[in-house]
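Tertiary structure, described
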Amino acid sequence: MKRTNKWLPALLVLVLALAVGLAGCGGNQNAQPSDQGQNNTGDQGQTAKPADVQELHLMLSDEPPALDAQITTDQLSILLLGAVQEGLVRVNQDGIQPGIAEKWDVSQDGLKYTFHLNKNAKWSNGDPVTAQDFSDAWERAANAENASQYASMITDYIKGAKEYYDYTNYLVLKKQYETDKATYEKNNKQDDGTVPTPDVVAFGKPVKDPQPVTWDQVGVKVVDPNTLEVELTQAVPYWLELTSFPTYLPINKKFYEANKDKYATEPQYLLYNGPFVLQEWLHDQKVTLTKNPTYWDANTVKLEKITFDIVKDSNTELNLYEAGDVDRTGLTREQVPQYKDDPNFKTFPEMAHFYFEFNTKVKPFDNAKVRKAISLAIDRKAYVDTILNNGSEPAYGLVPNGFLAYSGATKTFRELSEAKYGGPLFKDDPAQAKQLLAEGLQESGIDPKSFKFELLGDDTDTARKGNEFLKAMWEQNLGIKVDLVQVPFKERLKRSREGNFQVVMSGWGPDYNDPNTWLFLFETNSPYNDGKYSNKTYDELVAKARAAKTVDERVDYFIQAEKVLIQDDMGIAPVYYRNLASLQRPYVKGLFEKTFGAQFEYKWAYIEGKNQ
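Everything in this summary refers to the structure shown in the same document. (Residues numbered from 1 in each chain as written. Predicted model: local features only at pLDDT ≥ 70, side-chain atom pairs only at ≥ 80, totals over all residues. Heavy atoms only, no water.)

Attention shifts here to the nonpolar core. Counting residues in each nonpolar core, the largest one holds 152 residues, and the members touching the most others are W138, F356, W474 and Y602. Setting aside its immediate chain neighbours within four residues, W138 contacts L88, I154, I158, W215, V220, L228, V230, T247 and Y248. One finds M59, Y321, V326 and L583 within the second-largest nonpolar core, a separate group that totals 10 residues. (Core = buried A, V, L, I, M, F, W, Y, C linked by side-chain atoms within 4.5 Å. Buried < 20%, exposed > 50% of the residue type's maximum accessible area, 1.4 Å probe, protein only. Contact = heavy atoms within 4.5 Å.)

The structure is reproduced here in C-alpha cells:
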C-alpha cells in the first residue's frame, strides 16, 4: 500500500467528512431543492427537511507525494488516483466491475485477455480513452528510462515486457557508463569490489551485442481504438484485478508530452477519466475533488464533491469529527477507550505491515546478529497495546495474519508457515538480543560503548510517540543510545530511496491477493529494497515460486523464502500488522474500504439521512 500505504506508519487514517451546502445530483431524487421537498411531503403545516448534500469531507494524514500513475508508489497518491482516474476495471464489495473496459474475453488457458473498451469513455479534455492510451501507459512504466519502481507490475506478467525492460535498462546503464562513470561505479559496485559492465547488470550475464527490443515485440496489441489484446507469460488468477492498480491506468500521451515537465504537479497538469476530477490542490493544506461530468458512468456517481484536509495531528482530527465538520476520523490508542462503545466505532484489518529496514550497506547493519539484536530487543505486544490499541497485531513474519496462502485458499500464509516451522519465525527476547548485539558488534569491529544508531521515521504525532517508545525499549534492553530522525512522509520516502538512513520504519500494503506482493519487495534488485538486503537463496526461492506449476508448490517456495529473510537473516524486522480504528457518521453510505490497492472506493459512496 499499496504502498498503503496504501500505503503510513503514523497510523493516521484518512478521515471522511460531510460539508454543508446544496447540490442537485443528476438522477438522484434525494437531492431536490427544499421547496420541491415540501410539495412532495403532502404533510401540510410541516417544513420538509432539505435534501442531503452530496458532499464528503475527508482528511489526509500528509501531502500526497506524487500523482503520476506510472511513477507513484505511496498510499495517499494511490488513494486519490483511484478516485480521479480509471483503468480497465474497478473493484467494489461485489468484486470486479467494468471500468473503461465494458467487457473482456479470456482464453481457455488464461494467457490471453481481449478487452472491449467503452466507446463513451472520455478524458476530461474531451479526448476518447483508447486502447492506445493503455499501451502507451504500460510502455512508459516498463521503460527503464522512466525509472518506475512499479515496472515489475508490467514486466512480471506481460509477455515480452521483461525483455523490453532489460534492453531499455541496458541503454540507460550504458549511457551512464559512458558519460558518468563515477556514478555508474558507485551504483553498481559489488561486495567484492568489482564493477560489472552494463550488459551484465542489465541481463545478468555477459551479452556481446544486445539486440534491440521494441514495445512492438511485447504482448500488448492495439487491435483498434476500442479493443486491446494482452498476452501474459503465465496464467495468474489475480491479474485482472491488478489492472485496477495505478500502474495500469491509461495515459493521454499527447497531453503528457505537452506538459511533461509539470505533469501531475497541479490540477491543470493532469487529465481525468474517472468519477471525479482534481479541482483544487493547496499543497500541504487541502485537496478538493468534484464530480467528473464527462465520466462515462456519471449517472451512477452521487457525490458532487470530496474535500480532503491535510491534518497531521490526531487530536485535531477528532475535534473536527466532534464538531461535525468531518464524518470519519481515525482513532489513536488514547482515543479508542473513550469511543469503543460508540455505535459509529469500527475497526478494519488493513493487512498493512510496518517493519524496520536496515541499511545493509552500512556497518554494523550488514551483520545479521546486529539486525536480530535490534529486532528481538523490542516488545511488540507492548508497542501495539500502548501506542496503537486499535486491534493491530504484533508481527513475526513478513506476510500478515489473515492473508490467504493464495487466491481462493482455505488457509492463511501464516498458518502454513507455522505448520511447516513449528511456530512463529522468531520471538521477542531482550536477553538474547543483548548477547547477539555484543557478538555482532565485535565481529564488525565496533566498540559497544560507542555504538548508537539513528531511527528514521515519520513526524505525525502518533509516529513520534511510537518512535519514542521504541527508543526507550532499545536504550533499556540494549543499553545503547538511539537518535530519532523524524521527517514528513514525503521526505522519509526520499531518504529511504536514496539509502540515507541506518534504520527506518517502513510500511507496505498489498497491491493484490497473492504472497508475491510481499516477497518481491526484498529481492536483490527490487526497487523497494531500500536497505539493499541480498541473499542468493532468497532470490532463487522467490523465482522458483513464480515459476511453480501448482499453487501448493508456489506457496511452499514463498514460505521457505520468508524464513530465509526473517528467521535466518532478519533482513528486515517485522513490527506490527496494522488494523484501523475509526468513527464514521451513519449517513455516509456505500463507502467501500479495501484491503488491496487504493484504500477506499468512492464511486458508489453517497450521503443519506444527514438531515433527518
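Now that the structure has been shown, the text picks up again.
This part covers the packing of helix α12 (residues 368-376) against helix α15 (residues 430-444). At a minimum axis distance of 7 Å, the contact between α12 and α15 shows a crossing angle of 155°. With respect to their mutual orientation, α12 and α15 come out roughly antiparallel. For α12 against α15, the interelement crossing comes out left-handed. Facing α12, whose interface residues are K369, V370, K372, A373 and L376, α15 presents P430, Q432, A433, L436, L437, E439, G440, L441 and E443. The residue inventory of the contact of α12 with α15, partitioned by class, reads 8 nonpolar, 2 polar and 4 charged. (Axes fitted to C-alpha atoms, helices over the stretch in contact; angles between N-to-C directions. Helix = DSSP H or I, 4+ residues; strand = E, 2+ residues; numbered from the N terminus. Parallel < 35°, antiparallel > 145°, perpendicular 65-115°, else oblique. Left-handed = near helix turned anticlockwise from the far one by under 90°. Nonpolar A, V, L, I, M, F, W, Y, C, P; charged D, E, K, R; others polar.)

Inspection of the entire model under this criterion finds 31 salt bridges. Here E55 and K305 are joined by a salt bridge, their closest N and O atoms 4.0 Å apart. With a gap of 250 residues between them, E55 in strand β1 (residues 55-60) and K305 in strand β10 (residues 305-310) connect regions that are remote in the sequence. You can call E55 buried: its relative accessible area is 12%. Among the charged side chains, a salt-bridge network with shared partners connects D62, K312 and D459. (Salt bridge = Lys/Arg side-chain N within 4 Å of Asp/Glu carboxyl O.)

One open sheet holds the 4 strands; their spatial order is β4-β5-β7-β6, and the pairing between them is antiparallel. Every interior strand has two partners, whereas the edge strands, β4 (101-106) and β6 (220-224), have only one. Here the strands of the sheet are splayed against their neighbours by 20° on average, with no regard to which way each runs. Judged from the 4 bridges that link them, β6 and strand β7 (residues 227-231) form a sheet pairing that is antiparallel. Note that in β7 the partner of V222 across the bridge is L228. Across the sheet, helix α3 (residues 131-142) lies against β5 (112-117), β6 and β7, angled at about 165° from β6, the strand it touches most. (Pairing = 2+ DSSP bridges.)

Turning our attention to the sheet that holds β1. The 4 strands are arranged β1-β10-β9-β8 in an open sheet whose pairing can be described as mixed. A strand with exactly one partner marks an edge of an open sheet, and here the two such strands are β1 and β8 (276-282). When strand polarity is set aside, the average angle formed by the axes of neighbouring strands in this sheet is 20°. Relative to β10, strand β9 (residues 286-291) is paired through 5 bridges, and the arrangement is antiparallel. Pairing of L289 across the sheet is with I306, part of β10. The sheet contacts of helix α2 (residues 75-84) involve β1, β8, β9 and β10, and relative to β8 the element is tilted by about 140°.

Buried residues of helix α13 (residues 380-388): R380, Y383, V384, I387 and L388, and no others. Buried residues of α13, viewed axially, fall in a sector of 95°; they line one side. Turning to α13, the residues buried within the fold contact α12, β13 (393-394), α16 (461-478), β16 (503-508) and β17 (572-584). Downstream of α13 by one or two residues, N389 has phi in the positive range, about 55°. (Arc of directions from axis to C-beta.)

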